[in-house]
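An overview of the molecular structure
Spelled out, the chains give:
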There are 2 protein chains.
Amino acid sequence: MPRFFIAGTNLAGGMAVLRGRDAEHVRVLRLRPGEDVILCDGQGTDYKCRLVYADKEQVEAEVIEVVPCPAEPSVAVTVLCGLPKGDKTDYIIQKCVEAGASEILFFQSDRCVARPDKPEKKLERWQRIAEEAAKQSGRGIIPRVGWAGDFAGALDVAVKKDLGLFLYETGEREALNAVLEANKTVQSAALITGPEGGFAEFEAKLARIAGLHICSMGERILRCETAPVVAVTALMYATGNLS
Amino acid sequence: MPRFFIAGTNLAGGMAVLRGRDAEHVRVLRLRPGEDVILCDGQGTDYKCRLVYADKEQVEAEVIEVVPCPAEPSVAVTVLCGLPKGDKTDYIIQKCVEAGASEILFFQSDRCVARPDKPEKKLERWQRIAEEAAKQSGRGIIPRVGWAGDFAGALDVAVKKDLGLFLYETGEREALNAVLEANKTVQSAALITGPEGGFAEFEAKLARIAGLHICSMGERILRCETAPVVAVTALMYATGNLS
């Protein structure tokens, strides 16, 4: 069934009225009255609708069923990544959205090679990548892509979640599966991963002091753009969101 | 500690003798007698060695310790992918090696858009990508990249493993976590994922008849290049190889 995000649609009285870009979308898909579509509000709710009227300007559809989008995981995962070089950001965004992340935030850390003066400038493009990936993978929300500032800013975001994981390659760490098994029912989680050069020791220390779980993801060294999607996948698997 | 794969090295009598490319490697790293290195034989064994002699042609090192490479997972995972378009193969190879796969095989299936006459020609380049990824991620083997032929060829490989999973998007499927939880101690596993257009129904039927587990990876639609790495990660997590 065709499925698309709707923007600012009027869903009152059991009817959906689409105009502008949304009506255009129906026209492009050559959908006709009598056909069913799923309209997703981008907030995690799916409206299964049957088209009753469609012209160039306006589409009207009867709402048949309102359900939580089945693709949305039970846990809202915020991925926090030390800003990598080049277009690795794009890859991280696309794959984390597919894997089920709800929010992707980049930040500046000690060993970041990339040091953009104005990362805010990139946000629009990053957000578009998230939107495309959300549509393609059938998500119920468009995950937000943002900038968390410096390392302290990233920690500040992470400590507000039910579960905060700091993925680190060396030293004393908890096993990822032990931590996840003990936190299967969390509503929110943050995963912090590093840039190309990893984290400085003082950053790991700060994360520990802040109360995050310092976790290992095994002995294989993961690239900075691979670690986030592996971590999100492990979390989705452990919380029953990958079946 | 510097770590590298060695080719055809003489490891007799508690001494490693490196010549040719391996000796050159030691020279490039500016390693001197007294320094320690890990020499990996590419078969899953690490030789911790101390250099005792190094010149342009030959390096001699005393073997201090012989251990199974800690980065190698307890399960040998063969990833079987319907041949995707363009350079998605490269991405699949790199990420699956990082995630812990032991073998990556492509095959031709009904909905493959890419139909190279001679995929064998690409094998050399694909194998180089696997080798680079293995080095970078500290693997103890260089995973083999190969061509499994047609869909029947892929099934034939999969049924020979302790556990065979066919990742499929629709219809009657087992939950991935249920299957993995029941098979935590397997020695070998095969994961079959599709090309861009997914699998035809008759292919899923054949896989079922062949005795593979037809599994879901949740409601989010994964791109053909994302599904293999997500599947390998889930398997590594479930078998205790991601901590």
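All of these numbers come straight from a predicted model, not from anything done at the bench. Chains are numbered independently. Their residues run from 1 in the order of the written sequence. Chain letters and ligand numbers both follow the written order, the letters beginning at A and the numbers at 1. A pLDDT threshold of at least 70 governs which residues receive local features in this predicted model, and a stricter bar of 80 or more applies before side-chain atom pairs are shown or counted, although totals over entire chains, interfaces and linings include all residues.

Overview of the interface of chain B and chain A
The line we're drawing: Here, residue contact means that the backbone-derived C-beta atoms of the two residues sit within 7 Å. Only DSSP runs of H or I reaching four residues or more are called helices, and only runs of E reaching two or more are called strands; each is numbered from the N terminus. Residue type decides the class: Asp, Glu, Lys and Arg count as charged, Ala, Val, Leu, Ile, Met, Phe, Trp, Tyr, Cys and Pro as nonpolar, and the leftover types, Gly among them, as polar.
At the interface, 32 residues of chain B touch 32 residues of chain A. Secondary structure elements with two or more residues in the side of chain B that touches chain A: helix H2 (88–99), helix H3 (123–137), helix H5 (176–181) and helix H7 (227–238) of chain B. Residue contributions to the side of chain B that touches chain A peak at 5 residues, all from H7(B). Here the side of chain B that touches chain A is composed, by residue class, of 14 nonpolar, 12 polar and 6 charged.

Here's the deal with the packing of H2(B) against H7(B)
Residues and elements named next belong to chain B. For clarity, the cut-off: Angles run from 0 to 180 degrees between N-to-C directions of axes, and those axes are lines fitted to C-alpha atoms, restricted for helices to the stretch in contact. Angle categories: roughly parallel below 35 degrees, roughly antiparallel above 145, roughly perpendicular from 65 to 115, and oblique for all the rest.
H7 packs onto H2 with a crossing angle of 5° between their chain directions and a minimal axis gap of 9 Å. The orientation of H2 with respect to H7, classified from their angle, is roughly parallel. Mapping the contact onto sequence places Ile92, Lys95, Cys96 and Ala99 in H2 and Pro228, Val229, Val232, Thr233 and Met236 in H7. Per-class residue counts for the contact of H2 with H7 are 7 nonpolar, 1 polar and 1 charged.

Let's talk about the domain arrangement of chain A
Residue and element names in this part refer to chain A. Quick reminder of the rule: Residue ranges for the domains trace back to a domain assignment, done automatically or taken from a database.
The domain boundaries assigned to chain A delineate domain 1 (3–68) and domain 2 (76–238). In this structure, domain 1 and domain 2 have C-alpha centres spaced 34 Å apart. With 8 residues of domain 1 at the contact, the number on the domain 2 side is 5 residues. Those elements that place two or more of their residues in the side of domain 1 that touches domain 2 are strand S1 (3–5) and strand S4 (45–54). When grouped by side-chain class, the residues that make up the side of domain 1 that touches domain 2 number 2 nonpolar, 4 polar and 2 charged.

Some remarks on the sheet that holds strand S6 (residues 76–82) of chain B
All names here are of chain B. The following threshold applies: For two strands to count as paired, DSSP must find a minimum of two bridges between them.
Here we have 7 strands laid out as an open sheet, ordered S8-S7-S6-S11-S9-S12-S10, and parallel in their pairing. This sheet does not close on itself; its edge strands, each paired only once, are strand S8 (144–150) and strand S10 (174–175). With 4 bridges joining them, strand S9 (residues 163–167) and strand S11 (residues 188–193) adopt parallel strand pairing. Counterpart to Phe166 in the pairing with S11 is Ile192. Packing of H2 onto the sheet brings it into contact with S6, strand S7 (103–108) and S8, and relative to S7 it is tilted by some 155°.

Describing the relation of the copies chain B and chain A
Just so we agree on the cut-off: Only residues with pLDDT of at least 70 in both copies count here: their C-alpha atoms drive the least-squares fit that superposes the copies.
Expressed as a screw transformation, the operator carrying chain B onto chain A has a rotation angle of 180° and an axial translation of 0.0 Å, and the superposed copies differ by an RMSD of 0.0 Å. The superposition of one copy onto the other is thereby described by a two-fold rotation axis. Here 100% of the contact residues of chain B are again contact residues in chain A; the copies associate through an equivalent surface.

Brief notes about the environment of Glu72(A)
Locating Glu72(A) in the fold gives a position in the loop between strand S5 (58–68) and strand S6 (76–82). Residue contacts for Glu72(A): discarding those within four places in its chain leaves Gly44(A), Arg139(A), Gly140(A) and Ile141(A).

Some thoughts on helix H2 (residues 88–99) of chain A
Since the α-helix advances by 3.6 residues per turn, residues separated by three or four positions end up pointing in the same direction. To be explicit about the condition: Helix span, as expected, comes to 1.5 Å for every residue beyond the first. Residues with at least 20 other C-beta atoms within 10 Å of their own are called buried, those with 12 or fewer are called exposed, and the rest are partly exposed. The C-beta atoms themselves are positioned from the backbone.
With 12 residues, H2(A) ought to run about 16 Å at 1.5 Å a step, and its terminal C-alpha atoms sit 16 Å apart, in line with that. Within H2(A), 9 of the 12 residues are buried, leaving the element largely enclosed by the surrounding structure. Of all the positions in H2(A), only Thr89(A), Ile92(A), Ile93(A), Gln94(A), Lys95(A), Cys96(A), Val97(A), Glu98(A) and Ala99(A) are classed as buried. The inward-facing, buried residues of H2(A) contact S6, strand S7 (103–108), helix H3 (123–137), strand S8 (144–150) and helix H7 (227–238) of chain A together with H7 of chain B. Looking one or two residues past H2(A), Gly100(A) carries a phi angle of roughly 120°, positive in sign.

A look at the sheet that holds S1(A)
Residue and element names in this part refer to chain A. Read across the open sheet, the 5 strands follow the order S1-S3-S4-S5-S2; overall the sheet is mixed. Of all the strands in the sheet, just S1 and strand S2 (15–19) have a single pairing partner and so form its edges. On average, adjacent strands in this sheet sit at an angle of 40° to one another, irrespective of strand direction. When strand S3 (residues 36–40) meets S4, the two strands line up antiparallel, connected through 5 bridges. When the sheet's bridge partners are listed, Cys40 is paired in S4 with Asp46. Set on the sheet, helix H1 (residues 20–28) makes contact with S1, S2, S4 and S5; between it and S2 the angle comes to about 95°.

Focus: the nonpolar core
Applicable threshold: By our criterion, buried Ala, Val, Leu, Ile, Met, Phe, Trp, Tyr and Cys residues that link up through C-beta atoms within 7 Å make up a nonpolar core.
One finds Leu191(A) and Leu191(B) to be the most contacted residues of the largest nonpolar core, which totals 122 residues. In this structure Leu191(A) touches Val77(A), Val79(A), Leu80(A), Leu165(A), Leu167(A), Pro228(A), Ala231(A), Val232(A) and Leu235(A), once residues within four positions along its chain are discounted.

Considerations on the environment of Glu181(A)
Its place among the elements puts Glu181(A) in helix H5 (residues 176–181). Separated by 57 residues in the primary sequence, Glu181(A) and Ala238(A) place their C-alpha atoms 6.5 Å from one another.

Notes on the packing of H2(A) against H3(A)
Residues and elements named next belong to chain A. Condition: Crossings are classed by handedness, with left-handed meaning an anticlockwise turn of the near helix from the far one by less than a right angle and right-handed meaning a clockwise turn.
Closest axis-to-axis distance for the H2/H3 pair is 8 Å, and the angle between their directions is 30°. Viewed along their axes, H2 and H3 adopt a mutual orientation that is roughly parallel. In terms of crossing hand, the pair formed by H2 and H3 is right-handed. When H2 is examined against H3, the residues Thr89, Asp90, Ile93, Gln94, Val97 and Glu98 are found in contact with a partner set consisting of Trp126, Ile129, Ala130, Ala133, Ala134 and Ser137.

Focus on the environment of Glu225(B)
Residues and elements named next belong to chain B. Among the structural elements, Glu225 can be located in the loop between strand S12 (213–216) and H7. With 24 C-beta atoms counted inside 10 Å, the residue Glu225 sits in the buried group. Separated by 222 residues in the primary sequence, Glu225 and Arg3 have C-alpha atoms spaced 29 Å apart. Each residue touching Glu225, except ones within four places of it in the same chain, is listed here: Pro84, Lys88, Tyr91 and Ile92.

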